[in-house]
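As a plain string of letters, each chain reads:
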Amino acid sequence: MLDKMARSCYTICNGVANLLKGGVQIMANRIAGVTEKILECAQKEFLEKGFREASMRTIAANAETTPKSIYTRYGDKEGLFGALVSPALSSLYQQIAAEQESYHQRSPEEQKNLTLDHEFAARYDNIERAIIDLIYDNFTAFKLLVDCSEGTKYEHFADTFIENDVKYTLQYIEVTANTLLSDGRGSRDLIEVLSRLQITGMFEAVHRKMDRKAAHIYMKQLREFFERGWAELLNPQTTTGGD
């Protein structure tokens, strides 16, 4: 469903504050160009080796500086990794949160009827495209998050999306008096599993290195698949066919 898919990536600023905290430390006096070179070399090292195997000494040598210079700026290796991923991740969280704030201000009746609202459908298409474009405008940062962040606090970055998706799905069920749980058509476990599949599925576009055009097509197909499934779970009477 469109309303369900719109909730699929929801998160709130408080939920990510700890994740982003401490991502970058600023040194008072910087030599021009050194920071940019450090980040460039760190990005290459993390992409090639992943966080665990990446060497701060190698990064420093390639950047023609010292490990101490890097530690002064970023505190530790995770702080350096955070400098590469935090800005893009924060932008994604903020963009989605802004859209979701608008969604959840609607009345329960409006929320139930959004699947029949063609204007909302068109708007959500644009929202989805904007999310994919943001990810692809920062593709390297999200590639680091998806494939190279094991061993950092960013390793499970998608969990914040998933936890809030579950939270707001349950809220939707409650405020719209949906009978999914009370009738036994579904369970919290089912909601949690489906939310995880849906959200991690979004980042598969990055993992598989799809180009931007392919990612837009893929996301549309993924959304339509989950829309039909959630529609059947939440409102089976509207999806039951004939013979």
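On a predicted model such as this, the values are computed, not experimentally measured, just so you know.

1. Quick look at the overall build of the protein
Check the secondary structure of the protein and you find 12 helices and 0 strands. Counting from the amino terminus, helix and strand elements in the protein follow one another as α-α-α-α-α-α-α-α-α-α-α-α. Buried positions account for 47% of the 243 residues belonging to the protein. Contacts spanning at least 24 positions in sequence make up 79% of the contacts within the protein whose residues lie at least 6 apart. By element, 50% of the accessible surface of the protein is carried by carbon and sulfur atoms, the whole surface being about 12500 Å².

2. Let's talk about the pattern of salt bridges
Oppositely charged side chains are able to pair whenever their charged atoms sit close together. Taken as a whole and judged by the stated rule, the model has 14 salt bridges. Here R223 ties to D125 by a salt bridge, and the two come within 2.5 Å at their closest N and O atoms. Taken as a pair, R223 in helix 12 (residues 212-234) and D125 in helix 8 (residues 118-137) lie far apart in primary sequence, 98 residues in all. Exposure remark for R223: the relative accessible area of 5% places this residue in the buried category. Look at the salt bridges and you will find they share partners, linking D125, E128, R223 and E227 into a network.

3. Section: the confidence of the model for the protein
Scored by pLDDT, the protein comes out at a mean of 85, with 81% of its residues at no less than 70. Below a pLDDT of 50 lies the segment residues 5-15, which in the model reaches 41 contacts outside its immediate sequence neighbourhood of four places, other chains included. In this model, residues 23-29 is a region of pLDDT below 50 whose contacts with residues beyond four sequence positions or in other chains number 15 contacts.

4. Some details on the packing of helix 5 (residues 67-74) against helix 6 (residues 77-103)
Taken N-terminus to C-terminus, the directions of helix 5 and helix 6 make an angle of 65 degrees; their axes are 8 Å apart at the nearest point. With respect to helix 6, the element helix 5 is oriented roughly perpendicular. Between helix 5 and helix 6 lies a crossing whose hand is left-handed. Facing helix 5, whose interface residues are I70, Y71 and Y74, helix 6 presents K77, G79, L80 and A83. In terms of residue class, the contact of helix 5 with helix 6 is made up of 5 nonpolar, 1 polar and 1 charged.

5. Focus: unusual backbone geometry
Notably, E64 is not glycine yet its phi reads approximately 55 degrees, a positive angle. With phi around 55 degrees, K209 is a residue other than glycine that occupies positive phi space. Of note, K209 is situated in the loop between helix 11 (188-207) and helix 12.

6. Some details on helix 6
Compared with an ideal rise of 1.5 Å per residue, which puts 27 residues at 39 Å, helix 6 spans 38 Å between its outermost C-alpha atoms and is within 8% of the ideal. Of all the bends in helix 6, the greatest, near 45 degrees, is centred on V85, and the proline P87 appears no more than four residues after it. Structurally, the start of helix 6 carries an N-cap: the backbone nitrogen of E78 is 3.3 Å from a side-chain oxygen of D76.

7. Overview of the nonpolar core
Within the largest apolar cluster, 62 residues are counted, with the highest numbers of intra-cluster contacts made by F46, L80, L92, F142 and F203. If you tally residues by element for this core, the top one is helix 6, at 11 residues. Those residues in contact with F46 that lie beyond four places of it in its chain are F51, A54, I59, K77, L80, F81, L84, L144 and C148.

8. Regarding the environment of R185
Positionally, R185 belongs in the loop between helix 10 (158-175) and helix 11. The class for R185 is partly exposed, based on a relative accessible area of 26%. Once the C-alpha coordinates of R185 and L233 are considered, the two residues, 48 residues apart in sequence, prove to be 6.7 Å apart. From its side chain, R185 meets the backbone oxygen of L233 in a polar contact 2.9 Å long.

9. Overview of the packing of aromatic side chains
Tallied over the entire structure, the rule returns 10 aromatic pairs. Their ring planes at 45 degrees and their centres at 5.1 Å tell us that Y136 and F139 sit as a pair that is tilted. By relative accessible area, which is 22% here, F139 ends up partly exposed. Seen in terms of ring centroids, F157 and F203 are 5.0 Å apart; in terms of plane orientation they differ by 75 degrees. Their pairing is edge-to-face. Of this pair, F157 sits in the loop between helix 9 (139-147) and helix 10 while F203 sits in helix 11; the two residues are 46 residues apart in sequence, bridging distant segments of the chain. Residue F157 shares its accessibility class with F203, and that shared class is buried. What links up through ring pairs into an aromatic cluster is the set Y93, F142, F157, F161 and F203.

What counts, and where the lines are drawn
- Residues numbered from 1 in each chain as written.
- Predicted model: local features only at pLDDT ≥ 70, side-chain atom pairs only at ≥ 80, totals over all residues.
- Heavy atoms only, no water.
- Helix = DSSP H or I, 4+ residues; strand = E, 2+ residues; numbered from the N terminus.
- Buried < 20%, exposed > 50% of the residue type's maximum accessible area, 1.4 Å probe, protein only.
- Contact = heavy atoms within 4.5 Å.
- Areas by Shrake-Rupley, 256 points an atom, 1.4 Å probe, with all protein chains shown as cover.
- Salt bridge = Lys/Arg side-chain N within 4 Å of Asp/Glu carboxyl O.
- pLDDT = per-residue confidence, 0-100.
- Axes fitted to C-alpha atoms, helices over the stretch in contact; angles between N-to-C directions.
- Parallel < 35°, antiparallel > 145°, perpendicular 65-115°, else oblique.
- Left-handed = near helix turned anticlockwise from the far one by under 90°.
- Nonpolar A, V, L, I, M, F, W, Y, C, P; charged D, E, K, R; others polar.
- Expected span 1.5 Å × (residues − 1).
- Bend = angle between axes of the 7 residues up to and from the residue.
- Polar contact = N/O pair within 3.5 Å; in protein donor to acceptor, adjacent residues only side chain to side chain.
- Core = buried A, V, L, I, M, F, W, Y, C linked by side-chain atoms within 4.5 Å.
- Phe/Tyr/Trp six-rings, centres within 6.5 Å; stacked < 30°, edge-to-face > 60°.

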